[in-house]
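Spelled out from the first residue to the last, the chains are:
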Amino acid sequence: MKYENISRATFLARPNRFLAEVELDGHKETVHVKNTGRCKELLIPGCEVWLTAPGNPNRKTKYDLVAVRKDTGVLFNIDSNAPNQAMKEWLAGQDYSRVVPEFKYGNSRIDFYMERNSGEANSQRFLMEVKGCTLERDGIGYFPDAPTERGVKHIRELIRARQEEYETILAFVIQMDGVIRVCPNTDTHPEFGTAMEEAEAAGVQIQFFPCHVEPDELVIL
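Sequence order as written defines residue numbering, which begins from 1 separately in each chain. A pLDDT threshold of at least 70 governs which residues receive local features in this predicted model, and a stricter bar of 80 or more applies before side-chain atom pairs are shown or counted, although totals over entire chains, interfaces and linings include all residues. Based on all heavy atoms of the structure, the side-chain values leave hydrogens and waters out of the count.

Visitor: It is not clear to me how the side chain of threonine 52 should be interpreted in this structure. Could you clarify?
Guide: Runs of E in the DSSP output that reach at least two residues are strands. Runs of H or I that reach at least four are helices, and both are numbered from the N terminus. Locating threonine 52 in the fold gives a position in strand β4 (residues 48-52). Contact definition: two residues touch when any of their heavy atoms are within 4.5 Å. Sequence-distant contacts of threonine 52, that is, excluding residues within four places in its chain, are made with Tyr3, Asn5, Ile6, Lys62, Tyr63, Asp64 and Val66.

Visitor: Got a minute to help me understand the pairing of strand β11 (residues 140-143) in this structure?
Guide: Two faces, one strand: in a regular strand the side chains alternate between the faces of the sheet. Of the two faces of β11, the one holding Ile140 and Tyr142 and the one holding Gly141 and Phe143 are both buried throughout. The rule for pairing is simple: two strands pair if DSSP sees at least two bridges between them. Sheet analysis places strand β10 (residues 135-137) next to β11, joined by three bridges and oriented antiparallel. Note that in β11 the partner of glutamate 136 across the bridge is glycine 141. Once β10 ends, the chain turns through two residues before running back antiparallel as β11, passing aspartate 138 with a positive phi of about 55°. Pairing analysis gives three bridges linking β11 to strand β13 (residues 182-184), with the strands arranged parallel. The residue bridging glycine 141 from the neighbouring strand is valine 182, located in β13. The cut-offs for exposure are 20% and 50% of the maximum accessible area for each residue type, with area from a 1.4 Å probe on protein chains only; residues under the lower value are buried, those over the upper are exposed, and the others partly exposed.

Visitor: Honestly, the packing of aromatic side chains in this entry has me stumped. Any pointers?
Guide: Any two aromatic rings considered together are summarised by their centre-to-centre distance and by the angle between their planes. Pairing of aromatic rings covers Phe, Tyr and Trp, the last through its six-membered ring, and needs centres within 6.5 Å; plane angles under 30 degrees mean stacked, over 60 mean edge-to-face, and all others mean tilted. One pass over the structure, following the stated rule, counts eight aromatic pairs. Taking 6.5 Å as the distance between ring centres and 75° as the angle between the ring planes, the aromatic pair formed by tyrosine 113 and tyrosine 166 counts as edge-to-face. Placement of tyrosine 113 in strand β8 (residues 108-116) and of tyrosine 166 in the loop between α2 (149-163) and β12 (167-174) is noted, with a sequence separation of 53 residues between them. By the burial criterion, tyrosine 113 is buried, and tyrosine 166 matches it. Centroid distance phenylalanine 172 to phenylalanine 208: 6.0 Å. Interplanar angle 40°. Geometry classified as tilted. Of the two residues, phenylalanine 172 sits in strand β12 while phenylalanine 208 sits in strand β14 (residues 205-209), which places them 36 residues apart along the sequence.

Visitor: I tried to follow the pairing of strand β2 (residues 19-24) on my own but got confused; where do I start?
Guide: Alternating positions in β2 separate cleanly, Ala20, Val22 and Leu24 being buried on one face and Leu19, Glu21 and Glu23 remaining unburied on the opposite face. Here strand β1 (residues 7-16) pairs with β2 via four bridges, running antiparallel. Bridge pairing in β2 places alanine 13 opposite glutamate 21. Joining the antiparallel neighbours β1 and β2 is a turn of two residues. The pairing of β2 with strand β3 (residues 27-33) spans six bridges and is antiparallel. Paired with leucine 24 across the strands is histidine 27, a residue of β3. In this antiparallel pair of consecutive strands, β2 and β3, the connection spans two residues, and aspartate 25 shows a positive phi of 55°.

Visitor: Explain α2 to me, please; I cannot follow it from the model alone.
Guide: Helical geometry: 3.6 residues make up each α-helical turn, so side chains three or four residues apart lie on a common side. The end-to-end C-alpha distance of α2 is 22 Å, a good match for the 21 Å that 15 residues give at a rise of 1.5 Å each. Taken together, the buried residues of α2 touch β7 (98-105), β8, β9 (124-133), β12 and α3 (190-202). Where α2 terminates, the next one or two residues include glutamate 165, which has phi positive at roughly 70°. How far a helix is expected to stretch is found by multiplying one less than its residue total by 1.5 Å.

Visitor: Teacher, can you tell me more about the sheet that holds β7 here?
Guide: Spatial ordering of the open sheet is given by β7-β8-β9-β12-β14, a layout of five strands whose pairing is mixed. Because the sheet does not close on itself, it has two edges, and the strands there are β7 and β14. In this sheet, neighbouring strand axes are inclined to one another by 35° on average, regardless of whether the strands run parallel or antiparallel. Both β7 and β8 contribute to a ladder of seven bridges, which runs antiparallel. Within the sheet, the bridge partner assigned to valine 100 lies in β8 and is tyrosine 113. Whenever a helix is involved, its axis is fitted only over the stretch in contact; in every case the axis is a line through C-alpha atoms, and angles between N-to-C directions fall within 0 to 180 degrees.

Visitor: Would you mind going over α3 with me for this structure?
Guide: An ideal rise of 1.5 Å per residue puts 18 Å on 13 residues; α3 measures up with 19 Å between its terminal C-alpha atoms. Taken as a whole, α3 has its buried residues at Phe192, Gly193, Ala195, Met196 and Ala199. Seen end-on, α3 carries its buried residues on one side only, within an arc spanning 165°. Every exposed residue of α3 that faces more than 90 degrees away from the buried side is listed here: Glu197 and Ala201. Where α3 is buried, its residues contact β11, α2, β12, β13 and β14. Once α3 finishes, glycine 203 follows within two positions and takes phi at roughly 100°, a positive value. Picture the helix axis, draw a direction to every C-beta atom, and the arc is the one those directions span.

Written as C-alpha cells, this is what we have:
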C-alpha cells in the first residue's frame, strides 16, 4: 500500500479528532487526521509526521496526516484506511479463488469474504474482519486505543458466521515495525477483550499481520 506523494512536517496540535495543526515548509497548515483514535502517545507536539495530498480541490484541507514517528524512533502508519488496502493486496497473492471486499453479512459489512476451491466438494468460505493496530507498549500491540462498539459488533458477527460453518478470521494489521502480536486493550474497552475471548472459544481465528512501514508505504510482511 503506497502513497503517490508524501511530505514531511512537524506536529503542533490536534484541536479535535479530525484535524491537526502542523508546520510545513515554514508555515502552519491545518490537515485531516486519517484516524479517529486517540493516538495520544504518538501525536506529541514537535514530533515528525508525514502528509499526503489527495488532490481533491473540494476538500477543506489539502493534506491528510498518515504517519508519525514515535519518540522511540519507530515509524507508525496511522491511516485507518491503510490496513484494508494492504490486506487487499496481500490476499491477492494468496490461493483464494475469490476475494470480495465489504461483504454484507447480517447487519454488518465484513471487510473481506474469500472463497477457496469454489464449486468443488472441498470448497471453503471465509469471512475476515481487519483491525489496524497503532497502539504499542513495550513491544506489544494493543487494540483498541479508544472504545469501539462497532468492533465488538463485528466480532459478534464473526462468531455467528462461525456457527454457520464459515471459516472466520479476526485480523490485526500491525501498523509499525517490530511488533508481532496484539492484545486486547481491556483498560480502554473491557467489552472488546471479552468479545475477543468468546471469539477464540467459538473457533474464530485470531491472526496477527506484522508490517514494514515507510513514510509513503505500509506493507504486510
